[in-house]
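Commentary on secondary and tertiary structure
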Amino acid sequence: SKKYEIYHKQKVLGVGSFGKALLVKCESDASLAVIKQIDISRMSKDEEKQALLEAKIMQPLCHRNIIGFREVYKTKSKKL
C-alpha cells in the first residue's frame, strides 16, 4: 500500500464554498505545503468520483502557476 505524507496544520489560509486551504508542515522533511481540503460528505457518489478524478488529473501537470502537486487522498471524515 502507498505511504502518504503526514501533515501538521499550521494555519488556515482561506475558506471557500467547497472547502478550505491550509498551510501545513510535512513531517518527513519539515517543508511547508498547502492542502486544499474539499468536503465531499454532501456530494453524490458521481460527484465524489469526479472530484477525485479532477484532483488526480492535476498531479502530473507542470505549469508556471502550479508550484507542485504531491498527492491526493480521501479521509475517513469524507474530505478530499
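Structure: above.
Anyway, here's the lowdown on the structure attached to this text. All values reported here derive from a predicted model rather than from experimental measurement.

Some details on the side chain of E48
Within the secondary structure, E48 is located in helix α1 (residues 45–58). The contacts of E48, once residues within four sequence positions are left out, are I40, M43, K74 and K78.

Focus: the nonpolar core
Residues Y7, L22, V24, C26 and A33 constitute the largest nonpolar core, which totals 5 residues. Per-element tally for this core: the top contributor is strand β2 (residues 19–26), with 3 residues. Y7 has contacts with V24, K25, C26, I35, R70, E71 and Y73, leaving out every residue within four places of it along the chain.

With respect to the side chain of E5
Here E5 lies in the segment before β1 (7–15). Here E27 takes part through its backbone nitrogen, which lies 3.2 Å from a polar atom of the side chain of E5. Only 2.6 Å separates the side chain of E5 from the side chain of S28, close enough to count as a polar contact.

Considering the sheet that holds β1
Sheet architecture is open: 3 strands sit in the order β1-β2-β3, paired in antiparallel fashion. Either end of the sheet is taken by a strand with one partner, and the two such strands are β1 and β3 (32–38). Within the sheet, the average angular offset between the axes of one strand and its neighbour, ignoring direction, is 30°. When β1 meets β2, the two strands line up antiparallel, connected through 7 bridges. Note on β2: the bridge partner recorded for Y7 is C26.

Topic: the environment of Y4
Looking at the element boundaries, Y4 is found in the segment before β1. A C-alpha to C-alpha distance of 24 Å links Y4 and G14, two positions 10 residues apart in sequence. Dropping the residues within four chain positions of it, Y4 is found in contact with E71, V72 and Y73.

Focus on α1
Taking 1.5 Å per residue, 14 residues should reach 20 Å; α1 reaches 20 Å between its end C-alpha atoms and fits that length. Of the residues making up α1, those classed as buried are E48, A51 and A55. Summarising the axial view, the buried residues of α1 lie within an arc of 65°, below the 170-degree limit, and thus occupy one face. In α1, the exposed residues that point more than 90 degrees away from the buried face are K45, D46, K49 and I57.

So, how was this worked out
- Residues numbered from 1 in each chain as written.
- Predicted model: local features only at pLDDT ≥ 70, side-chain atom pairs only at ≥ 80, totals over all residues.
- Heavy atoms only, no water.
- Helix = DSSP H or I, 4+ residues; strand = E, 2+ residues; numbered from the N terminus.
- Contact = heavy atoms within 4.5 Å.
- Core = buried A, V, L, I, M, F, W, Y, C linked by side-chain atoms within 4.5 Å.
- Buried < 20%, exposed > 50% of the residue type's maximum accessible area, 1.4 Å probe, protein only.
- Polar contact = N/O pair within 3.5 Å; in protein donor to acceptor, adjacent residues only side chain to side chain.
- Pairing = 2+ DSSP bridges.
- Axes fitted to C-alpha atoms, helices over the stretch in contact; angles between N-to-C directions.
- Expected span 1.5 Å × (residues − 1).
- Arc of directions from axis to C-beta.

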